[in-house]
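Chain and residue survey
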Amino acid sequence: MPRIVQLLASPVHRYVGRPADGPAPAPPGELVEEVRVRAGLGIVGDRYFGKPAHREASVTVIARESLPPGVDLAQVRRNVLTAGIAVDELVGTVLTLDSGEGPVSLRVNRPAHPCAWMDVTVGPGAWKALRGRGGVRCTPLNDGILRVGPVDVAVGR
């Protein structure tokens, strides 16, 4: 069964400046058990929530199967880590996730390309290895709650 493995709602950007200088410290509590999603705005409490420049990319989703063992959202800075959902294949669709609080629909707009920071936070060669597998950038279409655990999945056009 598909799952939401991990959720991240971080109020800060950790990857600023040059990767060689290392990331800023992680704030406490950025990895959470549930997130509140708002239509057109993103994840409440996240650094991209309500930012006009990020409206079509306010929620990011990545598949655990794309990551090396032991790597999680704290390193790749996506919002939703799934298992059993080939998210990179869903650009141009609507992904609907229901973790028990009702469906949350996400318009999958484009790939979330990895950046050079991946070589620092994940390991040498990760930037290149994650190309085409870096997850997707989405716009939430309705308000709702996502929780870590089993998830019902629907994909539409």
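What this report covers is the structure whose coordinates are included nearby. The shown structure was predicted, so the numbers you read here are calculated from the model rather than taken from an experiment.

Right, let's talk about the sheet that holds strand β3 (residues 34–38) for a bit. In space, the 3 strands of this open sheet follow the order β4-β3-β10, with antiparallel pairing throughout. Among the strands making up the open sheet, the edge pair consists of β4 (42–43) and β10 (144–147).

With that out of the way, let us pick up the nonpolar core. V61 and L146 are the most contacted members of the largest nonpolar core, which totals 22 residues. Mapped onto this core, the elements with two or more residues apiece are β1 (3–8), β3, β5 (59–63), β7 (94–98), β8 (104–111) and β9 (136–140). Excluding its chain neighbours within four sequence positions, the residues that come into contact with L146 are I4, L7, E33, E34, V35, V37, V80, L97, S99 and V104. Residues L8, V71, V76 and L130 belong to the second largest nonpolar core, which totals 8 residues.

Right, let's get into the pattern of salt bridges. Scanning the entire structure with this criterion turns up 4 salt bridges. Note that E34 is salt-bridged to R147, the shortest N-O span being 2.6 Å. With E34 in strand β3 and R147 in strand β10, the pair connects residues that are 113 residues apart, well separated along the chain. Overall, the relative accessible area of 31% leaves R147 in the partly exposed class. It is possible to trace a salt-bridge network through shared partners that takes in E34, E101 and R147.

This part is about the pairing of β7. Counted residue by residue, β7 has 4 buried out of 5 residues, so it is predominantly covered. By the bridge criterion, 4 bridges tie β7 to β8 in an arrangement that is antiparallel. In the strand pairing of β8, L95 is matched with L106. Between the end of β7 and the start of β8, which pair antiparallel, lie 5 residues, with G100 showing a positive phi angle near 120 degrees. In this sheet, strand β12 (residues 152–156) lies alongside β7 in antiparallel orientation, the contact comprising 5 bridges. Residue L95 lies in a different strand from β12, and its bridge partner there is V155.

Calculation rules
- Residues numbered from 1 in each chain as written.
- Predicted model: local features only at pLDDT ≥ 70, side-chain atom pairs only at ≥ 80, totals over all residues.
- Heavy atoms only, no water.
- Pairing = 2+ DSSP bridges.
- Helix = DSSP H or I, 4+ residues; strand = E, 2+ residues; numbered from the N terminus.
- Core = buried A, V, L, I, M, F, W, Y, C linked by side-chain atoms within 4.5 Å.
- Buried < 20%, exposed > 50% of the residue type's maximum accessible area, 1.4 Å probe, protein only.
- Contact = heavy atoms within 4.5 Å.
- Salt bridge = Lys/Arg side-chain N within 4 Å of Asp/Glu carboxyl O.

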